[in-house]
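# Summary of structural features
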Amino acid sequence: MKFTYVTLFENLISPYFEDSILKRAIEKKLLSIEFYNPRDYTTNKHNKVDDYQAGGGAGLLLNAQPLFDTLKEIKKQNPNAHFVFPAPAGKTFVQADAKRLAMVEHIVFVNGRYEGIDERVIETYADEIFSIGDYVLTGGELPAMVIADAVSRFVPGVIEEKSVKNDSFNTGLLDFPHYTRPREINGFKVPEVLFSGNHNKVEIWRRKMALKKTMEKRPDLFLKKELDITDKKALLELFKELNKNA
Ligand code: SAH
């Protein structure tokens, strides 16, 4: 998977890929990143990349010319690249998008700044426009990193496949609670069942906790969930517990 960032601020992005999981993925050649700065493609004397809005109003916009020339060059070298524009006006980015985009070989993120980008660039190049939530940030760099990070978890080899499988949203549920050593701390114990050695019991307990958490915190997700046999067994356990406590 290759991520290309079109940005005026490479330094905001590159450190994120220089540590931890994404760093290892780059070392293993599962991921690669590159940067294009629209300022290098300006044709005006002072390498200006922004300008006042047509029609007036507060704030500057990223000019069409440097972006058109940058994106044309990227497209020429990578005809199959997928162009993603972060913008508050986009479709809200969700886990299913991360999974789907992980199948693409090359994603180009075109990052706005100031009041955004001249609309003609978006109309010409955007394969997809994503928002990361209903709030406004100062630039597209953070959203583009958020999207790349979520996509990377689905790139084979970046994260152990089993842990991706159980991640929140991938099963249609929130993830179950996790515990590690020690067995007891500050009076709080790791649930006994996790030491039972009985895989079946552990699986049903985990599903029960995932269902419970989803019902409590995200009933909207629970209503959409299609129940399999493990879900049903887990719900039966929950029901039995309710009866016991009644
Ligand atoms: N006036 C614009 C906001 C521009 S913010 C508007 O109201 O839509 C500057 C840039 O930050 C945008 O071009 C976009 O690239 C990025 N951005 C800001 N908030 C975002 C969000 N919630 N999701 C994705 N990108 C965002």
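None of the values given here were measured: they were computed from a predicted structure.

Moving on, we come to the pairing of strand β5 (residues 82-92). Sheet topology places β5 next to strand β6 (residues 106-110); three bridges connect them, and they run parallel. Paired with F83 across the bridge in β6 is V108. Examined bridge by bridge, β5 and strand β7 (residues 128-131) share five bridges and lie parallel to one another. Counted as the bridge partner of F85 is I129 from β7.

Here we take up the nonpolar core. Counting residues in each nonpolar core, the largest one holds 27 residues, and the members touching the most others are F3, Y5, L31, F93, I107, F109 and V151. Of all elements in the fold, only β1 (2-6), α2 (20-27), α4 (95-101), β6 and α6 (141-152) reach the threshold of two or more residues within this core. Per element, the largest residue contribution to this core is six residues, and it comes from α6. Residues within four places of V151 in sequence aside, it is in contact with M1, F3, F93, A98, L101, A102 and I107. Counting residues in hydrophobic clusters, the runner-up holds 18 residues, among them V49, V110, I117 and Y125.

The next subject is unusual backbone geometry. For the peptide bond that leads from R181 to P182, omega is 0 degrees, which places it in the cis range. Inspection of the secondary structure assignment puts P182 in the loop between α7 (161-166) and β8 (184-185). The phi dihedral of S20 falls on the positive side, at around 60 degrees, and the residue is not glycine. Summarising the element assignment, S20 is placed in helix α2. The phi torsion at F169 lies on the positive side, around 80 degrees, for a residue other than glycine. Position of F169 relative to the elements: it lies in the loop between α7 and β8.

Turning our attention to the sheet that holds β6. Across the sheet, five strands lie side by side as β2-β1-β6-β5-β7; this open sheet has parallel pairing. Edge positions in the sheet fall to β2 (32-36) and β7, since each has one partner strand and no second. On average, each strand axis in the sheet is tilted by 30 degrees relative to the strand beside it, whichever way the strands run. Helix α3 (residues 64-77) contacts β1, β2, β5 and β6 of the sheet and is inclined by roughly 165 degrees relative to β1.

So, on to the site of the ligand. Neighbouring the ligand are 18 residues; P86, E115, G133, Y135 and L137 lie closest to it. The contact in question runs from an oxygen atom of the ligand to an N or O atom on the backbone of P86, over 2.8 Å. Take G140: an N or O atom from its main chain is 3.5 Å from an oxygen atom of the ligand. Surface burial for the ligand is 83%, taken as the share of its 560 Å² of free accessible area covered by protein chains. Per element, the largest residue contribution to the shell around the ligand is three residues, and it comes from β5.

The next subject is the side chain of H106. Note that H106 resides in strand β6. Looking at H106, its side chain comes within polar contact range of the side chain of T4, at 2.7 Å. Those residues in contact with H106 that sit more than four places away from it in its chain are M1, K2, T4, E34, N78, A81 and H82.

What counts and how
- Residues numbered from 1 in each chain as written.
- Predicted model: local features only at pLDDT ≥ 70, side-chain atom pairs only at ≥ 80, totals over all residues.
- Heavy atoms only, no water.
- Pairing = 2+ DSSP bridges.
- Helix = DSSP H or I, 4+ residues; strand = E, 2+ residues; numbered from the N terminus.
- Core = buried A, V, L, I, M, F, W, Y, C linked by side-chain atoms within 4.5 Å.
- Buried < 20%, exposed > 50% of the residue type's maximum accessible area, 1.4 Å probe, protein only.
- Contact = heavy atoms within 4.5 Å.
- Axes fitted to C-alpha atoms, helices over the stretch in contact; angles between N-to-C directions.
- Near = heavy atom within 4 Å.
- Polar contact = N/O pair within 3.5 Å; in protein donor to acceptor, adjacent residues only side chain to side chain.
- Areas by Shrake-Rupley, 256 points an atom, 1.4 Å probe, with all protein chains shown as cover.

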